[in-house]
Amino acid sequence: MSSKDLIKRARKFAAPFRVAKGGKFRLKDIDPGDTLHLQSEDKPRAKEVLAMGVELLSELQDMLYAQDRWAVLIILQAMDAAGKDGTIKHIMSGVNPQGCQVHSFKSPSPEELDHDYLWRCMKALPNKGNIGIFNRSYYEETLVVRVHKEYLANEKLPPELVTRNIWKERFQDIRNFERYLTRNGIVIRKFYLHISKEEQERRFMERIDNPEKNWKFSASDVKERQHWDEYMKAFEDMIRNTATKEAPWYVVPADNKWFTRLVVAAAIIDALASLGLHYPKVDDKKLEELAAAKKSMLGEKKKRSG
Ligand code: ATP
Ligand code: MG
């Protein structure tokens, strides 16, 4: 398949999962087990297509880096065990590490809590020519902080600024921030990996039963399941309020890892391909310089062999 065909297919494949206008978005319309028309017997073929996608991604990233104008910011949000880490690992497996930056956002440190919440994210934004991945992000400020209001108290905000409008205000600020980034050449694509509560339980069990996965298990993750419905409401509200044309959300079914990775790869390919990337063209002076360097090296070679 040619790159052009692959790009076309990627665009079509990712489109059903894109939310560019939040308005009436409802999470319950999305089935975490959805695999479009693909069945589990298509899995080997899906893996082949993913490998082709990863190769194409690497070619596009090479041009992104050479051109040094645009940056791409990929944001991943999800419940625990939805597959953020694995998705990053597989999709970025082919790209040049020099042009890629991954940042994982944990519970904020005292220094971070001493600043506004975008501070730490600003510092981690991708350089021009790079792909930056946020494994969790400032969206946690409308998710975990909303579900556990005690975290908000840690943020040392002046009390008169913490009103019942705080989430609405955060959404507004995030929309404005993302518009600002977009206007500065940072292309934003956001992914919510939508796993079902049952599949999350299966994956937690696997972490307990499989010695190689024991290290991934965290008792606090299991405790967080008690707040499942509150999280779902928070995710839904986040998508409704922050899905925009320039910074769309992709709501990706996440009960089948092979399918999740395919959708995320397709959406990133689509984003990169839409930038019309090309290698920088050199001017006449540079062309003369190249010709002169070649002539000189050929002369040396001739001397050596003669
Ligand atoms: P992950 O859970 O993303 O796979 P991890 O297990 O390596 O990564 P954790 O130590 O669990 O890392 O850190 C992630 C935790 O940090 C999550 O529970 C998340 O809710 C929390 N967190 C991230 N950002 C914030 C924030 N702004 N305020 C409070 N908690 C946050
Ligand atoms: Mg964790």
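Remember, it's a predicted structure, so these values are computed and weren't measured experimentally.

Peer 1: Got a sec to walk through the site of ligand 1? Specific residues and values, please.
Peer 2: Around ligand 1 sit 13 residues, and of these Lys84, Lys106, Ser107, Arg136 and Glu141 come closest. Asp80 places a polar side-chain atom, nitrogen or oxygen, 3.2 Å from an oxygen atom of ligand 1. For ligand 1, an oxygen atom lies 3.4 Å from a polar atom in the side chain of Glu140. Starting from 620 Å² of accessible surface for ligand 1 in isolation, the protein chains cover 70%.

Peer 1: Outline the pattern of salt bridges, listing residues and values.
Peer 2: Opposite charge on two side chains lets them pair, provided their charged atoms get close. By the definition in use, this model includes 18 salt bridges. Between Glu199 and Arg202 there is a salt bridge, with the nearest N and O atoms lying 2.8 Å from each other. One end of the pair, Glu199, and the other, Arg202, are both in helix α9 (residues 197-209), three residues apart, so they sit about a helical turn from each other. Glu199 sits in the buried class, given a relative accessible area of 11%. The class of Arg202 is exposed, set by a relative accessible area of 53%. Here the salt bridges share partners, and the residues they tie into one network are Arg11, Arg18 and Asp270.

Peer 1: I'd like to hear about the nonpolar core, residue by residue, with values.
Peer 2: In terms of nonpolar packing, the biggest core is built from 89 residues, with Met92, Tyr138 and Phe191 touching the most fellow members. Take this core: its biggest share by element is 11 residues, from helix α12 (residues 257-273). Tyr138 has contacts with Ile75, Tyr117, Leu118, Cys121, Ile174, Phe177 and Glu178, leaving out every residue within four places of it along the chain.

Peer 1: Explain the side chain of Asp221 to me, using residue names and the numbers behind them.
Peer 2: You can see Asp221 is positioned in helix α10 (residues 219-224). Arg207 provides the closest opposite charge to the buried, unpaired Asp221, separated from it by 4.2 Å. Residue contacts for Asp221: discarding those within four places in its chain leaves Asp80, Phe204 and Arg207.

Peer 1: Can you lay out the side chain of Asp270 for me, pointing to particular residues and giving the numbers?
Peer 2: In this fold, Asp270 is placed in helix α12. According to the relative accessible area criterion, Asp270 is buried, its value standing at 9%. With residues near it in sequence (within four places) discarded, Asp270 still touches Arg11, Arg18 and Tyr250.

Peer 1: If you had to explain the layout of surface pockets to someone new, which residues and values would you point to?
Peer 2: Counted as a void, the largest pocket has a volume near 1,400 Å³. Contributing to the lining of the largest pocket are 46 residues, with Asp80, Ala81, Lys84, Arg136 and Asp221 lying nearest its centre. A total of five residues in the lining of the largest pocket trace back to one element, the largest contributor, which is helix α3 (residues 84-91). The residue makeup of the lining of the largest pocket, split by class, is 15 nonpolar, 11 polar and 20 charged. Put simply, the second largest pocket is a space of about 430 Å³.

The rules behind each value
Residues numbered from 1 in each chain as written. Chains lettered and ligands numbered in written order. Predicted model: local features only at pLDDT ≥ 70, side-chain atom pairs only at ≥ 80, totals over all residues. Heavy atoms only, no water. Near = heavy atom within 4 Å. Polar contact = N/O pair within 3.5 Å; in protein donor to acceptor, adjacent residues only side chain to side chain. Areas by Shrake-Rupley, 256 points an atom, 1.4 Å probe, with all protein chains shown as cover. Salt bridge = Lys/Arg side-chain N within 4 Å of Asp/Glu carboxyl O. Helix = DSSP H or I, 4+ residues; strand = E, 2+ residues; numbered from the N terminus. Buried < 20%, exposed > 50% of the residue type's maximum accessible area, 1.4 Å probe, protein only. Core = buried A, V, L, I, M, F, W, Y, C linked by side-chain atoms within 4.5 Å. Contact = heavy atoms within 4.5 Å. Lys, Arg positive; Asp, Glu negative; His and termini not counted. 1 Å grid on protein atoms, 1.4 Å probe; cavity = no way out; pocket = protein on both sides within 12 Å on 5 of 7 lines; lining within 4 Å. Points joined across faces, edges and corners; volume = space filled by probe spheres on them. Nonpolar A, V, L, I, M, F, W, Y, C, P; charged D, E, K, R; others polar.

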